[in-house]
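The chain contents come next:
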Amino acid sequence: MRLLLAEDDPMIGASVQRGLRQEGYSVDWLRDGREIAPALATTIYDLLLLDLGLPGIGGLQALAQLRESGAQLPVLILTARDAVADRILGLDTGADDYLVKPFDLDELAARVRALLRRQTGRVDPVIRLGTLAFDPATRSASLAGQPVALSARELALLEALLEQPGKPLSRSQLEERIYGWGEEVESNAVEVHIHSLRRKLGTQTIKNLRGVGYFIPKAD
Ligand code: CA
């Protein structure tokens, strides 16, 4: 899951980025409201964390513009403005949820999980496919009820594939999902992680459609 964070406060931005990375998300951080639209135009994000008081274009204006442009991604507002009128305006402008600063990082992570879950149309917090299960809250996977030890990247890759069973994701799409800006991507990293996942989950778990990408077949 790749998240975009728009926040100009260096301390809050750094702690949110670090906290959500520890939860297994790729988090790209920008500090100016004018950078939001170009970032969304070039990279597919699963969620936007949006500060309202941003230089360049304010958060509410940026939100209005991205909703006008048809962007569907969930938006979580991070705001120091705790007036009821501001919260209502944020939600009515197209935000899905908000948190008032200062907030607890665990609560932020839980709200992110809830929004991502809703976005994919799931109600069950655990993603299940056949005997395979992935729990985004605990970042853990199991096969036929038995826990499977996976690295953070393997979990991110598995999560991306499980979100859309049957739909192949190309190597570059998978790289986008598991690496953020400025993170070094080794040329065969995805293949290495796929190989390792197949070894741990069974060789037939992840299929390859030649020239298209990798996918996990839909359950029967
Ligand atoms: Ca701010």
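Residues numbered from 1 in each chain as written. Predicted model: local features only at pLDDT ≥ 70, side-chain atom pairs only at ≥ 80, totals over all residues. Heavy atoms only, no water.

(A) Summary view of the coordination of the calcium ion. At this site the calcium ion is bound by Asp8 (OD), Asp51 (OD) and Gly53 (O), with donor distances of 2.2 to 2.4 Å. Read in sequence order, the donor residues coordinating the calcium ion give the pattern D-x42-D-x1-G. Among the residues examined, aspartate 51 registers a relative accessible area of 5% and is labelled buried. (Donors = N, O, S within 2.8 Å, 3.2 Å for Na, K, Ca; no water. Buried < 20%, exposed > 50% of the residue type's maximum accessible area, 1.4 Å probe, protein only.)

(B) Molecular detail of the packing of helix H6 (residues 152-163) against helix H7 (residues 171-178). The contact between H6 and H7 brings their axes to 9 Å, and the two run at 120°. With respect to their mutual orientation, H6 and H7 come out oblique. For the element pair H6 and H7, the recorded crossing hand is right-handed. Taken together, the residues of H7 that come into contact with H6 (itself represented by Arg153, Ala156, Leu157, Ala160, Leu161 and Glu163) are Leu174, Arg177 and Ile178. Within the contact of H6 with H7, the residues separate by chemical class into 6 nonpolar, no polar and 3 charged. (Axes fitted to C-alpha atoms, helices over the stretch in contact; angles between N-to-C directions. Helix = DSSP H or I, 4+ residues; strand = E, 2+ residues; numbered from the N terminus. Parallel < 35°, antiparallel > 145°, perpendicular 65-115°, else oblique. Left-handed = near helix turned anticlockwise from the far one by under 90°. Contact = heavy atoms within 4.5 Å. Nonpolar A, V, L, I, M, F, W, Y, C, P; charged D, E, K, R; others polar.)

(C) Main features of the pattern of salt bridges. Within the structure shown, the criterion is met by 15 salt bridges. Ionic pairing is found between lysine 101 and glutamate 7, a salt bridge with its closest N-O pair at 2.9 Å. Pair noted here: lysine 101 is in the loop between strand E5 (97-100) and helix H5 (105-119) and glutamate 7 is in the loop between strand E1 (2-6) and helix H1 (10-22), with a separation of 94 residues, a long-range link. Of the two residues examined, lysine 101 and glutamate 7, each falls in the buried class. One salt bridge connects arginine 113 with glutamate 23, and the closest N-O pair in it is separated by 3.4 Å. Placement of arginine 113 in helix H5 and of glutamate 23 in the loop between H1 and strand E2 (26-30) is noted, with a sequence separation of 90 residues between them. Here the salt bridges do not stand alone but share partners, grouping Glu7, Asp51 and Lys101 into one network. (Salt bridge = Lys/Arg side-chain N within 4 Å of Asp/Glu carboxyl O.)

(D) The environment of isoleucine 194, seen in detail. Structurally, isoleucine 194 can be placed in helix H8 (residues 189-201). A relative accessible area of 1% places isoleucine 194 in the buried class. The spatial distance from the C-alpha of isoleucine 194 to the C-alpha of alanine 133 is 17 Å, given a sequence separation of 61 residues. Not counting residues within four places of it along the chain, the set of residues in contact with isoleucine 194 comprises Leu157, Leu161, Ile206 and Tyr214.

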